[in-house]
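This is what each chain is made of:
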Amino acid sequence: MKITKICCIGAGYVGGPTMAVIAQKCPDIQVTVVDLNTDRIALWNHEDLNNLPVYEPGLDAVVAEARGRNLFFSTDVDKAIDEAQLIFISVNTPTKTYGSGKGMAADLKYIELCARQIARVAKTDKIVVEKSTLPVRTAEAIKSILDHTGNGVQFQILSNPEFLAEGTAVQDLLNPDRVLIGGDQSPEGQKAIDALAEVYMNWVAPANIIRSNVWSSELSKLTANAFLAQRVSSINAISELCEKTGANVSEVARAIGMDSRIGSKFLKASVGFGGSCFQKDILNLVYISKSFGLVEVADYWEQVIIMNDHQKRRFANRIVQTLYNTVADKKICFLGWAFKKDTNDTRESAAIYVAGHLVAEQANIGVFDPKVEQPQIIFDLEESGVSQNSRKRVTSYEDAYQASEGAHAIAVLTEWDEFRHYDWQRIYNNMQKPAFVFDGRNLLDGKKLTEIGFVYQAIGS
Ligand code: NAD
Ligand code: UDX
């Protein structure tokens, strides 16, 4: 089957950029991205491309090229489902906050709603593609909902997990290490895989498009994220040992990374990993393992999260201890709030946890992030349970110079490139003395800062 009409349900960090790139690379395919969130869709349609709801380097140009040509954003979910031959489900699958599996299992209510809506609306055969990250065997549940429509419509369910990382989404989508498509082993299932593979073959080399059964595909996504996060927790564990022994974690990372069996990526010690995926997906893996009675497997992966929580707490504690065991009414300047550079996404950002800890010690926090503003910061703190009174202690500023004016210390929470190039002498002159810098990303030139007069502390040295 040649695909000419695609619908994607969910216009978020995955659905938006992924569909924009598909539309750019496949001008003959009409791609419609739908969402229940009218504000989000309005921003995707906004004429000022600086206002897109997802900030990703290069995304504005891709959207500019395809939008209105063969890329459309809409709130009319039924119409888009009805017209499409292939439907991506790219809705959020957060950690459950209620009921059984609370705090661990993935909340699949949005996925189920999509399946029911597709079942209700579809009048012709469809290929339904799981783009969201899902627990292994979710396709079974989706299939069971779709197979009970009673109107004779045939559905094929594929798993096609997305491996893009935020901040590099456009490049990752244009040059993916691999595209994974899992499908049913029947001839119909294989035909559906072929149809989706053909879409990707407009720009991805066939050798990089790999096929598997549905369950392997679903599990591969959770496994990839668990392995990546495990590397960060491993190097962060070593960073604590470095601080006790005089070893330097960057030197250790370089030395081990040159071993081709280990590799150099994902070995950057930090204040702790954040983002909407790592924690959620590992908790999900732990939950699934537990549900099969695999206690050792569950404990093994849970340790990655335990280590990450420890790293975030440790960073906050070190600030308090170094500032003479009290931060009450002192001003701490946060450089960065996003969970990594080049994104406006703050979900599970380490900054939220470090801020929560410091305001509990009655610190005042001045934040500057190039892409995150005050309402988002206050929302994040509220979501993570910080009281209204404590939230009042956090203020966002227009630039780093204002945020650090009169501060006792600076904490670097996100590795934005621009932080390196500031006039650090000017920042120093306007701070309380001694002036401290806690570099949670090992981003800044510690030697230069020390020469200026800062007391500089990095992670793992
Ligand atoms: P997101 O929250 O940014 O976007 C999801 C969107 O789906 C929201 O705009 C929401 O309004 C919409 N939605 C929910 N239910 C809907 C419904 N029934 N009908 C229409 N729209 C609906 O989430 P995201 O970051 O794009 O993640 C989506 C999925 O992709 C998740 O499963 C996630 O684990 C996975 N994933 C995310 C990333 C990432 O970097 N963010 C990477 C790979 C995979
Ligand atoms: C991750 C996966 O990389 C991606 O393949 C998947 O599709 C979604 O989840 P993302 O969360 O967007 O992507 O960003 P990633 O680059 O993986 O970083 C996650 C967190 O780990 C960030 O907070 C980052 O700062 C941190 N990190 C990453 C480190 O602390 N050290 C590192 O060496 C690498």
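Residues numbered from 1 in each chain as written. Chains lettered and ligands numbered in written order. Predicted model: local features only at pLDDT ≥ 70, side-chain atom pairs only at ≥ 80, totals over all residues. Heavy atoms only, no water.

**Notes on the pattern of salt bridges**
Inspection of every chain in the model, using the stated rule, returns 24 salt bridges. Of the charged contacts, one joins Arg211 and Asp194 as a salt bridge, the two residues approaching to 2.7 Å between their closest N and O atoms. Placement of Arg211 in strand S8 (residues 209–213) and of Asp194 in helix H8 (residues 187–200) is noted, with a sequence separation of 17 residues between them. With a closest N to O distance of 3.9 Å, Lys290 and Glu302 form a salt bridge. Here Lys290, found in helix H11 (residues 278–291), pairs with Glu302, found in helix H12 (residues 295–322); they are 12 residues apart in sequence, far enough to count as distant. On the basis of relative accessible area, Lys290 is assigned to the partly exposed category, the value being 41%. When its relative accessible area of 22% is taken as the criterion, Glu302 is described as partly exposed. The network of salt bridges with common partners includes Glu166, Asp345 and Arg347. (Salt bridge = Lys/Arg side-chain N within 4 Å of Asp/Glu carboxyl O. Helix = DSSP H or I, 4+ residues; strand = E, 2+ residues; numbered from the N terminus. Buried < 20%, exposed > 50% of the residue type's maximum accessible area, 1.4 Å probe, protein only.)

**Topic: the packing of aromatic side chains**
Enumeration over the complete set of coordinates arrives at 14 aromatic pairs. Aromatic side chains Tyr401 and Tyr422 sit 5.6 Å apart centroid to centroid with 50° between the ring planes, which places their arrangement in the tilted category. Highlighted residues: Tyr401 in helix H16 (residues 400–404) and Tyr422 in the loop between strand S12 (409–412) and helix H17 (424–429), separated in sequence by 21 residues. Plain terms: the ring middles of Tyr428 and Phe454 are 5.1 Å apart, the flat faces sit at 70° to each other, and that makes the pair edge-to-face. Highlighted residues: Tyr428 in helix H17 and Phe454 in the loop between helix H18 (446–452) and strand S14 (455–458), separated in sequence by 26 residues. No difference in accessibility class separates Tyr428 from Phe454, as the two residues are buried. (Phe/Tyr/Trp six-rings, centres within 6.5 Å; stacked < 30°, edge-to-face > 60°.)

**A short note on the domain arrangement of the chain**
Many descriptions give the size of an interface as the accessible area lost when the pieces come together. The assigned domain composition of the chain is domain 1 (5–204) and domain 2 (306–458). Counting residues at the interface gives nine residues for domain 1 and 10 residues for domain 2. Between domain 1 and domain 2 lies a buried interface of about 710 Å² when both sides are counted; carbon and sulfur atoms form 46% of it. On the domain 1 side of the contact with domain 2, Tyr13, Tyr55 and Glu166 bury the most area, a combined 77% of that side's loss. Summed over the shared surface of domain 1 and domain 2, the result is one salt bridge. Across the pair Glu166 and Arg347 runs a salt bridge, and its minimum N-O distance is 3.7 Å. Here domain 1 and domain 2 share five residue pairs in polar contact (both at pLDDT 80 or more) between them. Among the residues making up the side of domain 1 that touches domain 2, the classes are represented as six nonpolar, one polar and two charged. (Domains from an automatic or database assignment. Contact = heavy atoms within 4.5 Å. Buried area = accessible area lost by both parts, 1.4 Å probe. Polar contact = N/O pair within 3.5 Å; in protein donor to acceptor, adjacent residues only side chain to side chain. Nonpolar A, V, L, I, M, F, W, Y, C, P; charged D, E, K, R; others polar.)

**Quick notes on the UniProt feature "active site" (unreviewed entry) in the chain**
Sites flagged by UniProt as "active site" (unreviewed entry) map to Cys277. Relative to the helices and strands, Cys277 is located in the loop between helix H10 (249–257) and H11. By relative accessible area, which is 29% here, Cys277 ends up partly exposed. (UniProt positions renumbered as here; feature names shortened; annotations may be inferred.)

**Things to note about the pairing of strand S7 (residues 179–183)**
Of all five residues making up S7, five are buried, and the element is well covered by its neighbours. Taking every second residue as pointing to the same face, both faces of S7 are buried, with Val179, Ile181 and Gly183 on one and Leu180 and Gly182 on the other. By the bridge criterion, five bridges tie S7 to S8 in an arrangement that is parallel. Its bridge partner lying in S8, Val179 is registered against Ile209. In terms of handedness, the path from S7 via H8 over to S8 forms a crossover that is right-handed. (Pairing = 2+ DSSP bridges. Right-handed = clockwise from strand over helix to strand, strands pointing away.)

**A look at the site of ligand 2**
Taken together, 20 residues lie near ligand 2, and Phe163, Leu164, Lys221, Ser270 and Arg441 sit nearest. Lys340 is positioned with one of its side-chain polar atoms (N or O) 2.8 Å from an oxygen atom of ligand 2. Alone, ligand 2 offers 650 Å² of accessible surface; in the complex the protein occludes 90% of this. Ranked by residues supplied to the shell around ligand 2, first place goes to helix H9 (residues 214–245) with four residues. Residue composition of the shell around ligand 2, by class: 11 nonpolar, three polar and six charged. When residues of the shell around ligand 2 are sorted by domain, at least three fall in each of domain 1 (5–204) and domain 2 (306–458). (Near = heavy atom within 4 Å. Areas by Shrake-Rupley, 256 points an atom, 1.4 Å probe, with all protein chains shown as cover.)

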